[in-house]
Amino acid sequence: MGLVIIFALVTVLALIAGLRALKNKNLLAAFWGVASFLVFGWFVVMTVIHHGIPTGTH
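Residues numbered from 1 in each chain as written. Predicted model: local features only at pLDDT ≥ 70, side-chain atom pairs only at ≥ 80, totals over all residues. Heavy atoms only, no water.

All right, on to a nonpolar patch on the surface then. Nonpolar side chains collect at one region of the surface, where L15, L19, L22 and L27 lie side by side and expose about 390 Å² of accessible area between them. With 3 residues, the single largest contributor to the nonpolar patch is helix α1 (residues 2-23). Turning to its location among the elements, L15 is positioned in helix α1. (Patch = residues over 30% accessible without salt bridge, like charges linked within 9 Å, V, L, I, M, F, W, Y side chains within 5 Å. Areas by Shrake-Rupley, 256 points an atom, 1.4 Å probe, with all protein chains shown as cover. Salt bridge = Lys/Arg side-chain N within 4 Å of Asp/Glu carboxyl O. Helix = DSSP H or I, 4+ residues; strand = E, 2+ residues; numbered from the N terminus.)

For T11, the position within the fold is in helix α1. Accessibility expressed as a relative area gives 10% for T11, which makes it buried. Residues contacting T11, with those up to four places away along its chain left out, are F37, F40, G41 and V44. (Buried < 20%, exposed > 50% of the residue type's maximum accessible area, 1.4 Å probe, protein only. Contact = heavy atoms within 4.5 Å.)

On to α1. Helix length check: α1 (22 residues) gives 32 Å between terminal C-alpha atoms against 32 Å at 1.5 Å per residue, within 8%. Where α1 is concerned, the buried positions are V4, T11, A14, G18 and A21. Taken down its axis, α1 places every buried residue within 105 degrees of arc, on the same side. α1 presents L9, L13, L19, R20 and K23 as exposed residues on the side facing more than 90 degrees away from its buried surface. Looking at the packing, one finds that the buried side of α1 touches α2 (27-51). (Expected span 1.5 Å × (residues − 1). Arc of directions from axis to C-beta.)

Here it is in structure tokens:
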């Protein structure tokens, strides 16, 4: 479940990067930032739905 936490952090960073790229009018970087946000975010959401929130214990 540690991978889900890492992917959640990547999701947040991808959103920040996508918004910053939109602000700078860099459309290619904005596309990849938003696409990464959607892909990693979908993985995180579906993993939490199916396996629950990671607790850190076995």
